[in-house]
Amino acid sequence: MTLSSFVEDDIEYIQLETNAFCPINKNLRLFLNDSAIIAIAEKQIFLFDRNTGKFIREIGHVGKDPHGYSETIFSKPYSESKNTILARGWLPNSFMEYDLSGKFISKRILLSSETIRDALNFNDGTTIAYVWNYDGKNKKKLIVFNADGKEISSFPQNRSFEYDMNKHGIEVLHWEGWFYSFKNQFNFYELFTDTIYAITSERLNPRYVLSYGKYQVPYELRNTKNFYSNHSEYYFINSLFESKRYLFFTFICDKNYYTGIYDKNTGSTRVSQEVENDIDNFVSFQISSINKDEEIIGYQLTHKVKEWLQKHPEKEKEFSSKVKNFNGVNIYYNPIIMIGKLKS
């Protein structure tokens, strides 16, 4: 798979500043607006300048004080329409909201006896949340809450299984309910199922079916330690994004990371372990998100860039001159961001 097959003719490279206040940790996700790059790791939310990569500020902080959060949300922490970020609070089913200036906006407590794992800003001040079906017995898949945290509607969970947590153990994943937006429409996918739905106020409308074949993870293995010992047998979806022309999905199989693209125009699907950068023949591209302007943002870790430069020393001068804010490829430095415009 080549970058030029879905991205227009140029790639913008920006190295995120590294200093004592913004060393990015694990599970990085990147989001982009007109003026800023939002970098969200497991317990970090950082804002960088969109054009220079210079560090601007940290947003929120981990802490048990009134304005602190416990950890970030993996699937859709950033609301592009509101320019706000949701993170998990310390109380059960609680979420903290911040704006990009770093200001704490609100604490939401969703009043439900169910265990909420993932949530997003829905419509008109409401919150939609995924119910963790950890024991296979939950009757609700998604719940809609009003601004006061009270349940106003729900969508049923149609999957069930028998599960003994004491016997089989349990694993907590980064996410189990994946949300993404496309054309002002929220979409939802539940891990270990095969259908992506559009969310409306009345129903979940099926939009895409992911055909796993023999690599489908049995739904009842979702929280068991057995699943993690059988990564070579199953596909494990890692993320989903959509543009006017493409549906992107990343997944893990046999401990390797893959990128897949479904082209709506041709009805074809392509998968590759790496997206070859044939636009300027620099480092490969790892997708992180797509914004409303059809810009795709990806990155490459500095140790990967260092390996690439060692293999292609003749490219070093050209590459370093093209990367804004380039400060070298020390393995402790923040990653190099890659931004492109998607083909329509």
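Now for a description of the structure that goes with this document. What you see is a predicted model, and the numbers here were worked out from it, not measured in a lab.

Quick look at the overall build of the protein now. Across its full length, the protein carries four helices and 26 strands. The C-alpha radius of gyration computed for the protein amounts to 20 Å, which stays within 12% of the reference 20 Å derived for 344 residues, consistent with globular compactness. Across its three principal axes, the protein shows a C-alpha extent of roughly 60 × 50 × 40 Å. Taken across its 344 residues, the protein has 53% of its residues classed as buried. Within the protein, contacts between residues separated by at least 24 positions form 52% of all contacts whose residues are at least 6 apart in sequence. For the protein, the computed accessible surface area is about 16,000 Å², with 47% contributed by carbon and sulfur atoms. Computed over 42 positive and 43 negative side-chain charges, the separation of the two mean positions in the protein equals 2 Å.

Attention now moves to the environment of histidine 67. Along the chain, histidine 67 falls in the loop between β5 (55-58) and β6 (71-72). C-alpha of histidine 67 to C-alpha of serine 106: the two residues are 39 residues apart in sequence and 8.5 Å apart in space. Beyond its immediate chain neighbours, meaning those up to four positions away, histidine 67 contacts His61, Met96, Tyr98 and Phe104.

Take the sheet that holds strand β12 (residues 127-131) next. The strands that make up a sheet pair up through hydrogen bonds in the backbone, lying either parallel or antiparallel. One open sheet accounts for four strands, arranged β11-β12-β13-β14; its pairing is antiparallel. In the strand order of this sheet, the two ends are held by β11 (116-121) and β14 (151-156), each with one partner. Within this sheet the neighbouring strands show an average axis-to-axis angle of 20°, counted without direction. Judged from the five bridges that link them, strand β13 (residues 140-145) and β14 form a sheet pairing that is antiparallel. By the bridge assignment for β14, isoleucine 143 is matched with serine 154.

Strand order across the open sheet formed by four strands is β15-β16-β17-β18, with antiparallel pairing between neighbours. With partners counted over all chains shown, the strands left at the sheet margins are β15 (177-182) and β18 (204-209), one partner each. Neighbour-to-neighbour, the strand axes of the sheet open up by a mean angle of 30°, direction not taken into account.

According to the stated counting rule, one finds 31 aromatic pairs in the structure shown. Taking 5.9 Å as the distance between ring centres and 75° as the angle between the ring planes, the aromatic pair formed by phenylalanine 282 and tryptophan 308 counts as edge-to-face. Of the two residues, phenylalanine 282 sits in the loop between β22 (268-272) and β23 (286-290) while tryptophan 308 sits in helix α3 (residues 302-311), which places them 26 residues apart along the sequence. Per residue, the accessibility class of phenylalanine 282 equals that of tryptophan 308, and both read buried. By way of ring pairs, the aromatic residues Tyr212, Tyr215, Tyr235, Phe249, Phe251 and Tyr258 are connected into one cluster. One Lys or Arg, arginine 117, reaches over the ring of tryptophan 132 and ends 5.6 Å from the middle of that ring.

Turning next to the nonpolar core. In terms of nonpolar packing, the biggest core is built from 53 residues, with Phe6, Tyr189, Ile237, Phe248, Ile296 and Phe319 touching the most fellow members. Elements with a minimum of two residues in this core: β15, β19 (236-242), β20 (246-253), β21 (256-263), β23, α3 and β26 (336-341). Per-element accounting of this core gives the leading share, six residues, to β20. When residues no more than four places from it in sequence are discounted, the contact partners of phenylalanine 319 are Tyr13, Phe282, Val283, Val305, Trp308, Leu309, Phe326 and Ile336. Counting residues in hydrophobic clusters, the runner-up holds 17 residues, among them Ile14, Ala41, Phe48 and Ile339.

In a structure, side chains of opposite charge can pair up when their charged atoms sit close to one another. Evaluated as defined, the whole model comprises 16 salt bridges. Note that arginine 50 and glutamate 295 form a salt bridge whose closest N and O atoms lie 3.3 Å from each other. Of this pair, arginine 50 sits in the loop between β4 (44-49) and β5 while glutamate 295 sits in strand β24 (residues 295-300), and the two are 245 residues apart along the sequence. You can call arginine 50 buried: its relative accessible area is 8%.

Before going further, it helps to examine the side chain of arginine 50. Within polar-contact distance, the side chain of arginine 50 engages the side chain of glutamate 295 at 3.3 Å. In this structure, arginine 50 is in contact with Glu12, Ile14, Leu32, Asn33, Asp34, Ser35, Ala36, Ile37, Glu295 and Ile339, ignoring residues within four places of it in sequence.

In this structure, aspartate 99 sits in strand β9 (residues 94-99). No salt bridge is formed by the buried aspartate 99. Its closest oppositely charged neighbour is lysine 103, at 5.6 Å. Looking at aspartate 99, its side chain comes within polar contact range of the side chain of serine 101, at 2.5 Å. Polar side-chain contacts of aspartate 99 include one of 2.9 Å to the backbone nitrogen of lysine 103.

Glancing now at the pairing of strand β16 (residues 185-190). Counting buried positions over the six residues of β16 gives five, a clear majority of the element. Where β15 lies against β16, six bridges are found, and the strand directions are antiparallel. In the strand pairing of β16, serine 181 is matched with phenylalanine 186. Hairpin connection of β15 to β16: two residues between the antiparallel strands, including lysine 183 at a positive phi of 55°. As paired strands, β16 and strand β17 (residues 195-199) are joined by three bridges and run antiparallel to one another. The partner of asparagine 187 across the bridge, within β17, is alanine 198. Where β16 hands over to β17, the hairpin turn is made up of four residues, of which phenylalanine 192 adopts a positive phi near 70°.

Definitions and cut-offs
- Residues numbered from 1 in each chain as written.
- Predicted model: local features only at pLDDT ≥ 70, side-chain atom pairs only at ≥ 80, totals over all residues.
- Heavy atoms only, no water.
- Helix = DSSP H or I, 4+ residues; strand = E, 2+ residues; numbered from the N terminus.
- Rg over C-alpha atoms; globule rule 2.2 N^0.38 Å.
- Buried < 20%, exposed > 50% of the residue type's maximum accessible area, 1.4 Å probe, protein only.
- Contact = heavy atoms within 4.5 Å.
- Areas by Shrake-Rupley, 256 points an atom, 1.4 Å probe, with all protein chains shown as cover.
- Lys, Arg positive; Asp, Glu negative; His and termini not counted.
- Charge placed at Lys NZ, Arg CZ, Asp CG, Glu CD.
- Pairing = 2+ DSSP bridges.
- Axes fitted to C-alpha atoms, helices over the stretch in contact; angles between N-to-C directions.
- Phe/Tyr/Trp six-rings, centres within 6.5 Å; stacked < 30°, edge-to-face > 60°.
- Lys NZ or Arg CZ within 6 Å of the ring centre and 35° of its normal.
- Core = buried A, V, L, I, M, F, W, Y, C linked by side-chain atoms within 4.5 Å.
- Salt bridge = Lys/Arg side-chain N within 4 Å of Asp/Glu carboxyl O.
- Polar contact = N/O pair within 3.5 Å; in protein donor to acceptor, adjacent residues only side chain to side chain.

By themselves, these figures tell us nothing about what the structure is for.
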